[in-house]
Amino acid sequence: MAVLTLEKVNQVFGTGIARVQVLHDVDFAAEAGEVSLIMGPSGSGKSTFLTIAGGLLTPTAGTVTVAGKHYADLSKKARDAIRLDEIGFVLQQYHLLPYLTVADQFKLVDKIKRQGNLDQAAFAGVLQTLGIQELLHKYPGELSGGQQQRVAIARALYPDPAILLADEPTAALDAARVAVVGDLFRELAIQHHKAVVIVTHDPRLIPAADHVYDMSDGVLTHAQSA
Ligand SMILES: Nc1ncnc2c1ncn2[C@@H]1O[C@H](COP(=O)(O)OP(=O)(O)O)[C@@H](O)[C@H]1O
Ligand SMILES: [Mg+2]
């Protein structure tokens, strides 16, 4: 069964002459154990799609379900709880807190979500895979863009979410790092049975994907399956 579905999702911003329809009847389903890649140029609606999929934005029309539950049927509190328990976000702006060291970004997660986060060994493995174990004592401002991006990926994985939603997770990475991150996403899907959904215009991630979708002017089409 799909862990995340969007059915006939439409999104309109603005009214009158400022009205823009950003998503048109989007249907989508993500399964555990699979990497779905949504490719499209800038402005095609990818971030809007991901924001709706993660319950951060309620669509103008259509339904979103996570783990069999309709977002629309849930209270704000219940939606927040689902987001916390089930969904890991890697957002375009990395959202690292500037006044916390890298290590403390993770400790903050422990305060917000007290149970079910990665254990020491698994966490160390993620840090090592991403090559950021030496950065734990640094502040975000001391990191390069690529380092911040890798910390943001680790932080999204730390709560061990069932669903990982990533917005342009490789934009700041060189080719070798893209391959590492692509392999990590695959491993998460296959070995840890997560549903991984990535929106990107980076074709270097295609080898990591089970399904490739095309987003064009807010219309989503299934382009290929591996
Ligand atoms: N809050 C908003 N209000 C008005 N327009 C928006 C808003 N968010 C996004 N848009 C518009 O929706 C379109 C798609 O944006 P976005 O989903 O960010 O695309 P992408 O991530 O593919 O670059 C763009 O034209 C953008 O300007
Ligand atoms: Mg975007």
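Residues numbered from 1 in each chain as written. Chains lettered and ligands numbered in written order. Predicted model: local features only at pLDDT ≥ 70, side-chain atom pairs only at ≥ 80, totals over all residues. Heavy atoms only, no water.

- Going by the annotation in an unreviewed UniProt entry, the name recorded for the protein chain is Putative hemin import ATP-binding protein HrtA, with Lacticaseibacillus baoqingensis given as the source organism.
- Here the protein chain is described in UniProt, under the heading Subcellular location (unreviewed entry), as follows: "Cell membrane".
- On record in UniProt, under Subunit (unreviewed entry), the comment for the protein chain is "The complex is composed of two ATP-binding proteins (HrtA), two transmembrane proteins (HrtB) and a solute-binding protein." (UniProt positions renumbered as here; feature names shortened; annotations may be inferred.)

## Comments concerning unusual backbone geometry
And then number 1: The phi angle at Lys8 is positive, at roughly 50 degrees, despite the residue not being glycine.
And then number 2: Turning to its location among the elements, Lys8 is positioned in strand S1 (residues 2–13).
And then number 3: Among the residues examined, Lys8 registers a relative accessible area of 47% and is labelled partly exposed. (Helix = DSSP H or I, 4+ residues; strand = E, 2+ residues; numbered from the N terminus. Buried < 20%, exposed > 50% of the residue type's maximum accessible area, 1.4 Å probe, protein only.)

## Topic: the side chain of Thr5
And then number 1: With respect to the secondary-structure elements, Thr5 resides in strand S1.
And then number 2: Polar side-chain contacts of Thr5 include one of 2.3 Å to the side chain of Thr65.
And then number 3: Not counting the four nearest positions on each side in its chain, Thr5 is found in contact with Phe28, Ala29, Thr63, Val64 and Thr65. (Polar contact = N/O pair within 3.5 Å; in protein donor to acceptor, adjacent residues only side chain to side chain. Contact = heavy atoms within 4.5 Å.)

## Things to note about the packing of helix H3 (residues 102–112) against helix H5 (residues 145–157)
And then number 1: Close contact between H3 and H5 brings their axes to 10 Å; oriented N to C, the two are set at 20 degrees. It follows from the interaxial angle that H3 and H5 lie roughly parallel. Crossing handedness for the pair H3 and H5: right-handed. Counting all contacts with H3, which are made through Val102, Gln105, Phe106 and Val109, the residues of H5 involved are Val151, Ala154 and Arg155.
And then number 2: Classifying every residue of the contact of H3 with H5 by side-chain character gives five nonpolar, one polar and one charged. (Axes fitted to C-alpha atoms, helices over the stretch in contact; angles between N-to-C directions. Parallel < 35°, antiparallel > 145°, perpendicular 65-115°, else oblique. Left-handed = near helix turned anticlockwise from the far one by under 90°. Nonpolar A, V, L, I, M, F, W, Y, C, P; charged D, E, K, R; others polar.)

## A short note on the nonpolar core
And then number 1: By size, the foremost hydrophobic cluster in this structure holds 38 residues, and its most contacted members are Leu130, Phe185 and Ile198.
And then number 2: Where this core is concerned, the elements lending two or more residues are strand S3 (35–39), H3, helix H4 (120–130), H5, strand S7 (163–167), helix H6 (175–192) and strand S8 (195–200).
And then number 3: Setting aside residues no more than four positions away along its own chain, Phe185 makes contact with Val35, Leu164, Ala166, Pro169, Val196 and Ile198.
And then number 4: Counting residues in hydrophobic clusters, the runner-up holds 27 residues, among them Leu6, Ala53, Tyr71 and Leu220. (Core = buried A, V, L, I, M, F, W, Y, C linked by side-chain atoms within 4.5 Å.)

## Remarks on the UniProt feature "domain: ABC transporter" (unreviewed entry) in the protein chain
And then number 1: Residues annotated by UniProt as "domain: ABC transporter" (unreviewed entry) correspond here to residues 4–226.
And then number 2: For the annotated span residues 4–226, helix accounts for 32% and strand for 28% of the residues, and the straight-line distance between the end C-alpha atoms is 20 Å.

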